[in-house]
Amino acid sequence: LSRGIVRFRIGKCRAAALLTETRIVVASDESLSVWDWKQQHAVAVIDKHPYRRVVVSPDDRWIIASTVDNVLRVFQWNEENGRLRAKMVAEWNSGDDLTLLQPSPDGRHVAVARWTRGTAGNQSEHLIWILPLPELAQPQRLDLRWSNQVAFSPDGQTLALRTATGLALRNRLGETVWEQPQPD
């Protein structure tokens with residue numbers, strides 16, 4: 001203890017996202033936790049489970065994180081009287097490695113890249129899923145193979161994607177708006 005501050009062990013940090021002006025949420029091999037970077041101490045442990053990735057929705061309502069065992073979790077958080085409270089509101093078991101989390105600008109959806117490992121007779125592939133926040137119900141799969149980078153347009157209606165064959169723009173229905181093949 002130092003000045004009454006409890007220091008938490010963080011483990012191996014895998015990802016971090018800015019939560020407020022002074023706080024970051026950290027995904028580590030031991031937990032999902034919130035740190036006050038200015039005061040240099042842990043504020044709270046949200047979940048004692050190993051995490052791989054974390055993002056915060058642009059509207060600052062949701063902490064979206066993926067565990068090392070491929071479960072996507074959404075936490076609602078708020079701060080009352082200087083005390084952080086976080087509650088898990090949904091989870092989605094992807095079954096495969098989650099390699100990207102990208103919230104939409106309006107905070108209503110999250111795009112997820114899912115890596116499916118190849119098995120005998122099947123090839124490996126990256127798939128993009130769009131899930132509504134916070135409930136993660138009825139995920140929409142975009143019919144793309146080998147896409148592992150995605151960005152939403154400012155209005156959230158178009159997705160820019162890097163694919164195995166080049167670049168593509170897709171609308172929220174998954175329809176191609178534009179494609180640019182990549183030279184071999």
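Just above sits the structure.
Computed from a prediction, not measured in an experiment: that's the story for all the values here. (Residues numbered from 1 in each chain as written. Predicted model: local features only at pLDDT ≥ 70, side-chain atom pairs only at ≥ 80, totals over all residues. Heavy atoms only, no water.)

**Structural notes on the packing of aromatic side chains**
Each aromatic ring pair is summarised here by two numbers: the centre-to-centre distance and the angle between the ring planes. Let me state the cut-off plainly: By convention, a stacked pair of Phe, Tyr or Trp rings (six-membered ring in the case of Trp) has centres within 6.5 Å and planes under 30 degrees apart, an edge-to-face pair has planes over 60 apart, and any other such pair is tilted. Put simply, DSSP marks the helices as runs of H or I at least four residues long and the strands as runs of E at least two long, and each gets a number from the N terminus on. The cut-offs for exposure are 20% and 50% of the maximum accessible area for each residue type, with area from a 1.4 Å probe on protein chains only; residues under the lower value are buried, those over the upper are exposed, and the others partly exposed.
For the structure shown, the criterion picks out one aromatic pair. Between the aromatic rings of W92 and W129, the centroid separation amounts to 5.7 Å while the plane-to-plane angle is 55°, which identifies the pairing as tilted. Of this pair, W92 sits in strand β8 (residues 83-93) while W129 sits in strand β11 (residues 125-132); the two residues are 37 residues apart in sequence, bridging distant segments of the chain. The burial state of W92 is the same as that of W129; both residues are buried.

**Describing the nonpolar core**
Rules: Residues enter a nonpolar core if they are buried and are Ala, Val, Leu, Ile, Met, Phe, Trp, Tyr or Cys, with the set joined through side-chain atoms within 4.5 Å. Note on contacts: a residue pair is in contact if any heavy atoms of the two residues lie within 4.5 Å.
Counting 17 residues, the largest nonpolar core has L19, V25, L32, I46, V54 and I63 as the members making the most contacts within it. Elements with a contribution of two residues or more to this core: β1 (13-18), β2 (23-28), β3 (32-36), β4 (41-47), β5 (51-56), β6 (62-67) and β7 (71-80). It is β5 that provides the largest number of residues to this core, a total of three residues. Every residue in contact with L32, bar those within four places of it in the chain, is listed here: V25, V26, A27, V45, I46, D47, H49, Y51, V54, I63, A65 and F75. Judged by nonpolar contacts, the second largest core, of 16 residues, contains V55, L98, L127 and L131.

**Observations concerning unusual backbone geometry**
Following L133, the chain continues to P134 via a peptide bond in cis, the omega torsion being 5°. Looking at the element boundaries, P134 is found in the loop between β11 and β12 (140-142). Here Q40, not a glycine, exhibits a phi torsion of approximately 60°, which is positive. Within the secondary structure, Q40 is located in the loop between β3 and β4. The exposure class assigned to Q40 is exposed, which follows from its relative accessible area of 56%. The backbone of L136 sits at a positive phi, close to 60°, despite the residue not being glycine.

**Some thoughts on a nonpolar patch on the surface**
This is how it is decided: Candidate patch residues must exceed 30% relative accessible area and have no salt bridge, after which like charges are joined if within 9 Å and Val, Leu, Ile, Met, Phe, Trp or Tyr side chains if within 5 Å. Where accessible areas are quoted, they stem from the Shrake-Rupley method and a 1.4 Å probe; at the residue level, only the protein chains shown are allowed to cover. Any Lys or Arg side-chain nitrogen found within 4 Å of a carboxyl oxygen on Asp or Glu counts as a salt bridge.
On the surface, L167, V177 and W178 cluster together into a nonpolar patch covering about 280 Å² of accessible area. Mapped onto the elements, L167 comes out in strand β15 (residues 166-171). With a relative accessible area of 42%, L167 lands in the partly exposed category.

**Concerning the sheet that holds strand β14 (residues 158-163)**
Stated formally: Two strands are said to pair when DSSP picks up at least two bridges between them. Only C-alpha atoms enter the line fits that serve as axes; for helices the fit covers just the stretch in contact. Angles between N-to-C directions range over 0 to 180 degrees.
Ordered by their spatial adjacency, four strands build an open sheet running β13-β14-β15-β16, and the pairing between neighbours is antiparallel. Only two strands of the sheet have a single neighbouring strand rather than two, namely β13 (149-152) and β16 (176-181). Sheet twist, expressed as the mean angle between neighbouring strand axes with direction ignored, is 15°. Summarising the sheet, β14 and β15 pair through six bridges and their orientation is antiparallel. Note that in β15 the partner of T158 across the bridge is N171.

**Some remarks on the sheet that holds β3**
In space, the four strands of this open sheet follow the order β1-β2-β3-β4, with antiparallel pairing throughout. The strands lining the two open edges of the sheet, one partner per strand, are β1 and β4. Geometrically, the sheet is characterised by an average inter-axis angle of 25° between neighbouring strands, direction not taken into account. Bridge analysis of β3 against β4 gives five bridges, and the strand direction is antiparallel. Within β4, the residue paired with S33 across the bridge is V45.

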